[in-house]
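Breakdown of the fold
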Amino acid sequence: MAKEVILSAKAISIRAKRRKLAEKVFVVIAFISLLAVLFTLIQLLSSVFVKGLKWLDLQFLTSPPSRFPEKTGIYPALIGSTWLIVLTIAIAVPIGVASAIFLEEYSGKSRISRSLDIIIGNLAGIPSIIYGIFGLAIFVRYLHLGRSILAGALTLSLLILPVIIISTREAIRAVPRGLREISYALGATKWQTIRYVVLPVSSRWIATSVILSIARVIGETAPLIAIGALSFIMTTPRSVFDPFTALTIQIYTWLSKPQQDFKEIAAAGIIVLLLLFGFFMAIGSAVRYRAGKFKE
Amino acid sequence: MNVVEFKKPDSENKVVEFVGFGVSISGKQIFEGVSFPVYKNCITAIMGPSGSGKTTLLRSINRLLDEFCDVKYSGKLLFEGRDVINDGVDKTILRARIGMVFQRPNPFPGSIFDNVVYGLRLHGVRDKKLLEEVCIESLKKVGLYREVKNRLHRPAYDLSGGQQQRLCIARSLAVNPHVVLLDEPTSSLDPTSSAVIEELLTHLKKECTIIIVTHNLQQAGRISDYVAFLYPNEDLVSHLIEFGQTREVFFNPKESLTESYIAGKSG
Amino acid sequence: MMARLLDRKKIASLKERAIVSILAASSFLSIIVTVALTLILFTEAIIFFEKVSLKEFLTGTKWAPLFYDPSFGVLPLVAGTFLTTMIAIVIALPLGLIIAIYLSEYSNKKFRHYVKIFLEFLYSIPTIVYGYLALVVFTPFLKKYIPVEIFNAFSASVMMGVMILPIIASLSEEAFSSVPKDLREASLALGATRLDTVLKVVLPYSVSGVLASVILAVSRAIGETMIVAVAAGSTPNFTLNPFVSVQTMTAYIAQVSMGDTPFGSIEYASIYAVGFLLFVITFTLNYLSRVVFRWQKK
Ligand SMILES: Nc1ncnc2c1ncn2[C@@H]1O[C@H](COP(=O)(O)OP(=O)(O)OP(=O)(O)O)[C@@H](O)[C@H]1O
Ligand SMILES: [Mg+2]
């Protein structure tokens, strides 16, 4: 038969050699690409450290910004970022967790719940700068909050709300069915079951999403620029209605200055930013890792 | 690597032969000491309770087992006279000579035509006319040609489950294999489609040797010529309990284990 | 005794009802935000379009809001966005796909786990850091070989590529992993290598998942602000030359809202017009991504 001749062992083997070679080449290329990405990142980040480390000292951490590179510092920005984190989390987490509970436990598969699903998904995909100009119009302008910490925190809350809702829902969904049934069997009401079974069991996952949100708040820049967080703030804010600056905003301002020194100072700011960000990311990942183990 | 053509055995020959064959996966012995032959142009059924290593046995013949887990083989597994475990056999050639059909129909994305000629293209056949010829011939062998001749270039997913499974058989036949391995090929199909495939297999054995894993005793009884019966011992390591002509094993089992298994299954 | 118990139940149910109302109210906040956001963008944009015609906005090739005789053709901003996004995708798509294939087909579980954590970290690094890297590290490096402007689209795009690479790599890897195992096995059993299997079976099977990830990555690149604001410049430039300064839609919004633009001025209104356009584009892309993703489930 004709086919037999064509698919002789020799023909197959010649082709197979070529295909196996192609595969080897691919694996090498893929591995190199992966290493290249890793290496580039390490290279880039190490250049940040090389440039910034010499400016990073106690004076830098405890001084307000200044026109003179050797005197400038990041203190008000650190305080501003702390305010932002605390306020944003305080606003967004209760609301986010509450909506997640409602959507997971009470709204069922109704039309409303499905449209809410879509709406929240959409909110999560909106560019952050748009939240910024929305906050600018609503909080700064119409609610007369001015360019204050509160306006900033409200804006960031809207930004992280969908993220918290989505991850909390996942956490709630992961609670084993059996646990709930036991609770109902003991005569608990739905709310009691949620309050004493579902939330405690899923608390680690929820904590993860909160911690990761903190990391996100620390790194967010664009919306704060849009609502007009100021950079040249010498004093630390005393109330939520005061104007403020934040780490990222401060870094951005330094980057915008033409002098080379300020570029390096920006690098010092980035080191602080990355350390804080990395700290929360690491905790978040660790908690999630352990929560994952717990689930198994 | 050795480029030696597997010889089609002339007559009476054992196409596949297990000699004291054993497999362990990630350190866990699945079965050991399995010895039996697979005769040319016969249907050999492998039977046994769930977890007794039937699938594992089947997948070691074309060395598919190596792909996803950490396997250790012992003993010999001869395919057309050469030990596929120890003789440095080229797996690509081995797999070109051994077709495989799975529990659930698994057509590739793409057209019916693409599916059937997948193996040929892989092995370098580019000639359009030849591909078409082989495609039609293979589809005819599985009795699918009349049903799909007007939509050879439509997606394979449009076919029914039974048709898809026959397509998968055609896909493995297109490279003209010497042996076809089937792992419970009808377990996800309705009785009518199953019957069609059973019928098909009894015709196919004129062209190639067939090894089938099945849970369905009636099916094994209807179509197979030989039966190998695996059963795990108390350490959950399986052994070959009995091998022989189907009729013998079914009506005149030598081992009481076989007898009770058959009685339990059919009763 | 019984009465008291019943009473308690009643109180409990009253309390429960109150709680449920609070929960419901919180989730309706999402609806309110969505409506308010759309409304604000729209009404502020309307103010803009009372002064500038929609046609001029969408087809004009000159964006000069600060000139004595200002012109508001958005195309230079769109071109800037398009340019940076395209370069970013050209970098991220092949790399992301290769990494995804490697992870799903060749790497062991542990390695995959760690790389995925690394990718997630890469994606969530504050983008101002990428902006810094583009401006302070990459551009000077580039300058040694090509005559580029200090602010240029290319540097920003490369960093943007690094930022969106994890989206493509992670989501594509997930799409590959969702391909049934026995499809792969059938291909291997016919004598294919894993690479053959990926190219001929796995990729075609999961093409919608890959496409969805790419669309999502495009949407993120379009909406990214800080990298381009820091490194790509602020010159509205109707060009596709990557080595000169350009301004994207997001960078323009950042630039204007940062300054002390008085509320009610046309400049102030213009950020909402641009914002509205940006919103429509990203919304459409996100929607498209979801639709495409759903194909695979069929
Ligand atoms: N990849 C693997 N890793 C570890 N153990 C495995 C693996 N594959 C199979 N096994 C084990 O090998 C044994 C035999 O499995 P196999 O699938 O061959 O049984 P089977 O007879 O085909 O069962 P069934 O009738 O249910 O299909 C089982 O105990 C199984 O747990
Ligand atoms: Mg099996």
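Residues numbered from 1 in each chain as written. Chains lettered and ligands numbered in written order. Predicted model: local features only at pLDDT ≥ 70, side-chain atom pairs only at ≥ 80, totals over all residues. Heavy atoms only, no water.

**Side note on the layout of surface pockets**
In this structure, the second largest pocket spans a volume of roughly 470 Å³. For the second largest pocket, the lining is made up of 24 residues, of which A:Leu255, A:Lys263, C:Leu135, C:Phe151 and C:Val230 are closest to its centre. Mapped onto the lining of the second largest pocket, the elements with two or more residues apiece are helix 11 (247–256) and helix 12 (260–295) of chain A together with helix 5 (127–143), helix 10 (226–231) and helix 11 (249–258) of chain C. At five residues, helix 5 of chain C tops the list of elements feeding residues into the lining of the second largest pocket. Taken together, the residues of the lining of the second largest pocket break down into 13 nonpolar, seven polar and four charged. (1 Å grid on protein atoms, 1.4 Å probe; cavity = no way out; pocket = protein on both sides within 12 Å on 5 of 7 lines; lining within 4 Å. Points joined across faces, edges and corners; volume = space filled by probe spheres on them. Helix = DSSP H or I, 4+ residues; strand = E, 2+ residues; numbered from the N terminus. Nonpolar A, V, L, I, M, F, W, Y, C, P; charged D, E, K, R; others polar.)

**A look at the nonpolar core**
B:Val16, B:Phe18 and C:Tyr132 are the most contacted members of the largest nonpolar core, which has 232 residues in total. The residues touching B:Val16, leaving out its near neighbours within four places in the chain, are B:Phe36, B:Pro37, B:Val38, B:Ile61, B:Leu77, B:Leu78, B:Phe79, B:Val179 and B:Ile211. In this structure, A:Ala9, B:Ile43, B:Leu173 and B:Ala220 belong to the second largest nonpolar core, which totals 52 residues. (Core = buried A, V, L, I, M, F, W, Y, C linked by side-chain atoms within 4.5 Å. Buried < 20%, exposed > 50% of the residue type's maximum accessible area, 1.4 Å probe, protein only. Contact = heavy atoms within 4.5 Å.)

**Comments concerning the packing of aromatic side chains**
Scanning the entire structure with this criterion turns up 33 aromatic pairs over all chains. Geometrically, the ring pair formed by B:Phe18 and B:Phe21 is tilted, given 5.6 Å between the ring centres and 40 degrees between the ring planes. The same class applies to B:Phe18 and to B:Phe21, which are both buried. Between the aromatic rings of C:Phe138 and C:Phe141, the centroid separation amounts to 6.0 Å while the plane-to-plane angle is 40 degrees, which identifies the pairing as tilted. One end of the pair is C:Phe138 and the other is C:Phe141, both in helix 5 and three residues apart, which spans about a single turn. Under the relative-accessibility criterion, C:Phe141 is labelled partly exposed at 40%. Three or more aromatic residues joined by ring pairs make a cluster, and in this case those are B:Phe18, B:Phe21, B:Phe31, B:Phe36, B:Tyr39, B:Tyr73, B:Tyr226 and B:Phe243. Here the basic side chain of C:Lys181 rests over the ring of B:Phe68, its NZ or CZ set 4.9 Å away from the ring centre. (Phe/Tyr/Trp six-rings, centres within 6.5 Å; stacked < 30°, edge-to-face > 60°. Lys NZ or Arg CZ within 6 Å of the ring centre and 35° of its normal.)

**Here we look at the site of ligand 1**
Residue and element names in this part refer to chain B. Close to ligand 1 lie 14 residues; Ser50, Lys54, Thr55, Thr56 and His215 are nearest. Looking at the shell around ligand 1, the elements that each hand over two or more residues are strand 2 (28–39) and helix 1 (54–61). For the shell around ligand 1, the leading source of residues is helix 1, giving three residues. Looking at side-chain class alone, the shell around ligand 1 contains four nonpolar, seven polar and three charged residues. (Near = heavy atom within 4 Å.)

**Brief notes about the interface of chain C and chain A**
Counting residues at the interface gives 74 residues for chain C and 75 residues for chain A. Ranking the residues of chain C by area buried against chain A places C:Leu23, C:Ile128 and C:Tyr132 at the top, with a combined share of 9%. On the surface where chain C and chain A come into contact, there are two salt bridges. In this structure, A:Arg19 and C:Asp196 form a salt bridge, with 2.6 Å as the shortest nitrogen-oxygen distance. Remark: the boundary between chain C and chain A carries 13 residue pairs in polar contact (both at pLDDT 80 or more). At 18 residues, helix 1 (residues 2–51) of chain C tops the list of elements feeding residues into the side of chain C that touches chain A. Residue composition of the side of chain C that touches chain A, by class: 49 nonpolar, 17 polar and eight charged. (Buried area = accessible area lost by both parts, 1.4 Å probe. Salt bridge = Lys/Arg side-chain N within 4 Å of Asp/Glu carboxyl O. Polar contact = N/O pair within 3.5 Å; in protein donor to acceptor, adjacent residues only side chain to side chain.)

**Brief notes about the confidence of the model for chain C**
Note that predicted coordinates carrying low pLDDT should not be read in detail. With 95% of its residues at a pLDDT of 70 or more, chain C has an overall mean of 90. Here the predicted complex carries an ipTM of 0.91, next to a pTM of 0.89. (pLDDT = per-residue confidence, 0-100.)

**With respect to the interface of chain B and chain C**
Listed as interface residues are 21 residues of chain B and, on the opposing side, 19 residues of chain C. Contact between chain B and chain C buries roughly 1,800 Å² in total, counting both sides, with carbon and sulfur atoms accounting for 66%. Summed over the shared surface of chain B and chain C, the result is two salt bridges. The interface formed by chain B and chain C contains six residue pairs in polar contact (both at pLDDT 80 or more). Looking at the side of chain B that touches chain C, the elements with two or more residues in it are helix 2 (65–68), helix 3 (91–97), strand 6 (98–101), helix 5 (118–122) and helix 8 (161–173) of chain B. Residues of the side of chain B that touches chain C, tallied by class, amount to eleven nonpolar, five polar and five charged.

**Topic: helix 11 of chain C**
Taking burial as the measure, the ten residues of helix 11 of chain C include eight buried ones, the bulk of the element. Three or more residues of helix 11 of chain C are buried, namely C:Met249, C:Thr250, C:Ala251, C:Tyr252, C:Ile253, C:Ala254, C:Val256 and C:Ser257.

**Examining the environment of C:Val207**
Residue and element names in this part refer to chain C. Position of Val207 relative to the elements: it lies in helix 9 (residues 207–223). Since its relative accessible area comes to 48%, Val207 is described here as partly exposed. Spatially, the C-alpha atom of Val207 lies 9.1 Å from that of Phe293, the residues being 86 residues apart in sequence.

**Some words on the pattern of salt bridges**
For side chains of opposite charge, pairing can occur when their charged atoms come near one another. Per the counting criterion, the structure on display carries 26 salt bridges over all chains. Residues A:Arg180 and A:Glu105 are paired through a salt bridge, measuring 2.5 Å at the closest nitrogen-oxygen approach. Here A:Arg180 is found in helix 8 (residues 177–185), whereas its partner A:Glu105 is found in helix 4 (residues 75–106), with 75 residues between them in sequence. Between C:Glu185 and B:Arg59 there is a salt bridge, with its nearest N and O atoms 2.8 Å apart. Of this pair, C:Glu185 sits in helix 7 (residues 181–189) while B:Arg59 sits in helix 1, placing the two residues on different chains. Accessibility classification places C:Glu185 together with B:Arg59 in one group, the buried group. Through salt bridges with shared partners, a single network forms among A:Glu104, A:Asp117, A:Arg169 and A:Arg173.

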